[in-house]
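# Residue-level structural notes
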Amino acid sequence: MKNMGFTLAEVLITLGIIGVMAALTLPTMISNNKKRVVETQLQQYYSMMNQAFRLAESDYGDMSGWDVPAKTYSQGGTGDYEWFQTYLQPYLKTSTVKKAFHLYCVWYDGFGIEFINGTSASCGIAEGFSNDFLCMFYPKAEKMKDVQDDNQKSKKLVPGKDYFVFKINLNNNKGFQPYDSDECYATQGTKALPSRGCAKLIQKNNWKIPSNYPIKF
């Protein structure tokens, strides 16, 4: 009776083919999974911040009448941190808040927030280039440490992957929105927040990272 089993050569060839296919598809699967995680985190952050604004308005009235941090904390005025502590912090689930957060090459005072879901954000008046009230969102909380003070690690961070830029508006288009810019390209660093429009690009695509997204995960 003829043996119907597989030979060792056939088994090795089959395993080799499976290995090649896995090597070809696994990186794509890992990349796609990372994208899905970031998409979810961005939606959660955007929703959480806007909910905080709505709750604060119910207590303090329309945000157009709120105090605005006209001077930085170090200049003796109402600082970014004090503003946050008054209007938003009571409505956010945070694990840590860092006062007077010095962000390399963008603002010199502000605040850093670590959320209970493992993400973080640093916010402040962007003295470095626009005087806008901005927030940088980090899908991985530990990345926030890489931008504090004169940190050389900030030069290696990738906008649109390691951090995303949002803006706080108290008057026109009021509330919390991704920074309104078309700039989203592959680059590194935080100086003047290059490629600051990536969160806006993802929002326009219904909070899904587009197939032609210029930054690799």
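About the criteria used
- Residues numbered from 1 in each chain as written.
- Predicted model: local features only at pLDDT ≥ 70, side-chain atom pairs only at ≥ 80, totals over all residues.
- Heavy atoms only, no water.
- Pairing = 2+ DSSP bridges.
- Helix = DSSP H or I, 4+ residues; strand = E, 2+ residues; numbered from the N terminus.
- Axes fitted to C-alpha atoms, helices over the stretch in contact; angles between N-to-C directions.
- pLDDT = per-residue confidence, 0-100.
- Phe/Tyr/Trp six-rings, centres within 6.5 Å; stacked < 30°, edge-to-face > 60°.
- Buried < 20%, exposed > 50% of the residue type's maximum accessible area, 1.4 Å probe, protein only.
- Core = buried A, V, L, I, M, F, W, Y, C linked by side-chain atoms within 4.5 Å.
- Contact = heavy atoms within 4.5 Å.
- Disulfide = S-S within 2.5 Å.

### What about the sheet that holds strand S1 (residues 94–99)?
Strand order in the open sheet made by the six strands is S1-S2-S3-S4-S5-S6, with antiparallel pairing throughout. With partners counted over all chains shown, the strands left at the sheet margins are S1 and strand S6 (175–178), one partner each. Within the sheet, the average angular offset between the axes of one strand and its neighbour, ignoring direction, is 20 degrees. Two elements, strand S2 (residues 111–115) and strand S3 (residues 120–125), share four bridges in a ladder whose sense is antiparallel. Pairing of Phe-111 across the sheet is with Cys-123, part of S3.

### Examining the confidence of the model for the protein
With 88% of its residues at a pLDDT of 70 or more, the protein has an overall mean of 85. Here S1 stands out as the least confident element of the protein, with mean pLDDT 78; helix H3 (residues 198–204) is the most confident, with 97.

### Some thoughts on the packing of aromatic side chains
The full count for this structure, using the stated rule, is 16 aromatic pairs. Ring plane angle 45 degrees and centroid distance 5.1 Å describe the contact between Tyr-46 and Trp-207, whose orientation is recorded as tilted. Of this pair, Tyr-46 sits in helix H1 (residues 8–60) while Trp-207 is found in the segment after H3, placing the two residues 161 residues apart along the sequence. Trp-207 shares its class with Tyr-46; the two are buried. On the basis of an interplanar angle of 5 degrees and a centroid distance of 5.1 Å, the ring pair of Phe-166 and Phe-176 is categorised as stacked.

### Describing the nonpolar core
Judged by nonpolar contacts, the single largest core of 40 residues is most densely connected at Tyr-45, Trp-83, Phe-164 and Phe-166. Among the elements of the structure, H1, helix H2 (80–87), S2, S3, strand S4 (133–138), strand S5 (164–169) and H3 are those that each provide at least two residues to this core. Ranked by residues supplied to this core, first place goes to H1 with eight residues. Those residues in contact with Tyr-45, other than ones at most four positions away along the chain, are Phe-115, Ala-121, Cys-123, Cys-135, Phe-137, Phe-166 and Phe-176. Residues Leu-103, Val-147, Val-165 and Leu-193 belong to the second largest nonpolar core, which totals 15 residues.

### A closer look at the state of the cysteines
Counted according to the given criterion, the structure contains two disulfides. Sulfur-sulfur distance for the disulfide between Cys-123 and Cys-135 comes to 2.1 Å. The chirality of the disulfide connecting Cys-123 with Cys-135 is right-handed, given an S-S dihedral of about 110 degrees. Placement of Cys-123 in strand S3 and of Cys-135 in strand S4 is noted, with a sequence separation of 12 residues between them. By relative accessible area, Cys-123 is classed as buried at 0%. Disulfide partner of Cys-184: Cys-198, at an S-S distance of 2.2 Å. Disulfide Cys-184-Cys-198: torsion about the S-S bond near 100 degrees, hence right-handed.

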